[in-house]
Amino acid sequence: MKWITHENVKVERVACPWLIKRFIDADAQFEFLPKDTDWPTVRHGIPFDVPGCELGHRSEDVSFDSILNKHSLNDAALPLLAEIVWAAADSHPTNPHAAGEGLRWIAHGFSRLGFSDHELLNREFILYDALYAECRERSASQESK
C-alpha cells in the first residue's frame, strides 16, 4: 500500500509510518507531498496526518491514535507509546506523558540534520523500536502487579 502525508516529517509523521510498517503493512511505501496539497483530491494512496483525512487528529487524539483504532491494534504496549507520541506531537494534551518532551527534542534535532523525509524514517525507526521495547517492558510490569 502507498501511504501519503505531508513533507518535513517530525514526531507523528515518523511514528505513524513506524506503526504502519511494524504492525499493518511491512511493505508500505510512503510519499511526502507539499503541506499545501489539496488533500481531498489525493486518490493514489491512504492519507494520514493531514487535514480532513480519516487517519488524522480528532479532539485530543492524534493520527497515531486514529491508526491504532482503525486497525484494532491491541498490543498492550501501544497505548503507552501512543501517550508519548501524543505528548510530543502538536496536540497539546491536557496531561502529557513526561517522555514526550524528550521525544520532541530528538525529533526536532533529527529534522535539523538536513536528511530527506525517507532518510529520517530510516534513521528514526530504531528510536521507535527502542521506545516500543521500553513500553512493552513497562506494560508487562503494570500487568503483573
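One can find the structure itself at the top, above this paragraph.
In this report, the structure presented in the accompanying data block is examined. All figures in this text were calculated on a predicted structure; none of them were measured in a lab.

**Regarding the pairing of strand E2 (residues 29-33)**
- Bridging between strand E1 (residues 2-6) and E2 involves five bridges; their strand directions are parallel. For Ile4, the partnering residue across the bridge sits in E2 and is Glu31.
- Regarding the hand of the β-α-β motif, the stretch spanning E1, helix H1 (residues 11-24) and E2 is right-handed.

**Some thoughts on unusual backbone geometry**
- The phi torsion at Asn8 lies on the positive side, around 65°, for a residue other than glycine.
- Within the fold, Asn8 resides in the loop between E1 and H1.
- Even without being glycine, Asp49 reaches a positive phi, approximately 55°.
- Locating Asp49 in the fold gives a position in the loop between strand E3 (46-47) and helix H2 (63-70).

**Some thoughts on the pairing of E1**
- Counting buried positions along E1 gives four out of five residues, so the element sits mostly inside the fold.
- Two elements, E1 and E3, share two bridges in a ladder whose sense is parallel. Across the sheet, residue Ile4 finds its bridge partner in E3, namely Pro47.

**Some details on the packing of aromatic side chains**
- In total, this model carries six aromatic pairs according to the counting rule given.
- Between Trp18 and Tyr128, the aromatic rings sit 6.3 Å apart at their centres with planes inclined by 35°, giving tilted as the arrangement. Residue Trp18 is found in helix H1, and its partner Tyr128 is found in helix H5 (residues 117-143); the two are separated by 110 residues along the sequence. Of the two residues, Trp18 and Tyr128, both sit in the buried class.
- An aromatic cluster of at least three residues, connected via ring pairs, comprises Trp18, Phe23, Tyr128 and Tyr132.

**Focus: the sheet that holds E2**
- Taken together, three strands build an open sheet; the order of strands is E2-E1-E3 and the sheet is parallel. On the outer flanks of this sheet lie E2 and E3, each paired with one strand and no other.

Scoring rules and cut-offs
- Residues numbered from 1 in each chain as written.
- Predicted model: local features only at pLDDT ≥ 70, side-chain atom pairs only at ≥ 80, totals over all residues.
- Heavy atoms only, no water.
- Pairing = 2+ DSSP bridges.
- Helix = DSSP H or I, 4+ residues; strand = E, 2+ residues; numbered from the N terminus.
- Right-handed = clockwise from strand over helix to strand, strands pointing away.
- Buried < 20%, exposed > 50% of the residue type's maximum accessible area, 1.4 Å probe, protein only.
- Phe/Tyr/Trp six-rings, centres within 6.5 Å; stacked < 30°, edge-to-face > 60°.

Worth remembering: the numbers are spatial, not functional.
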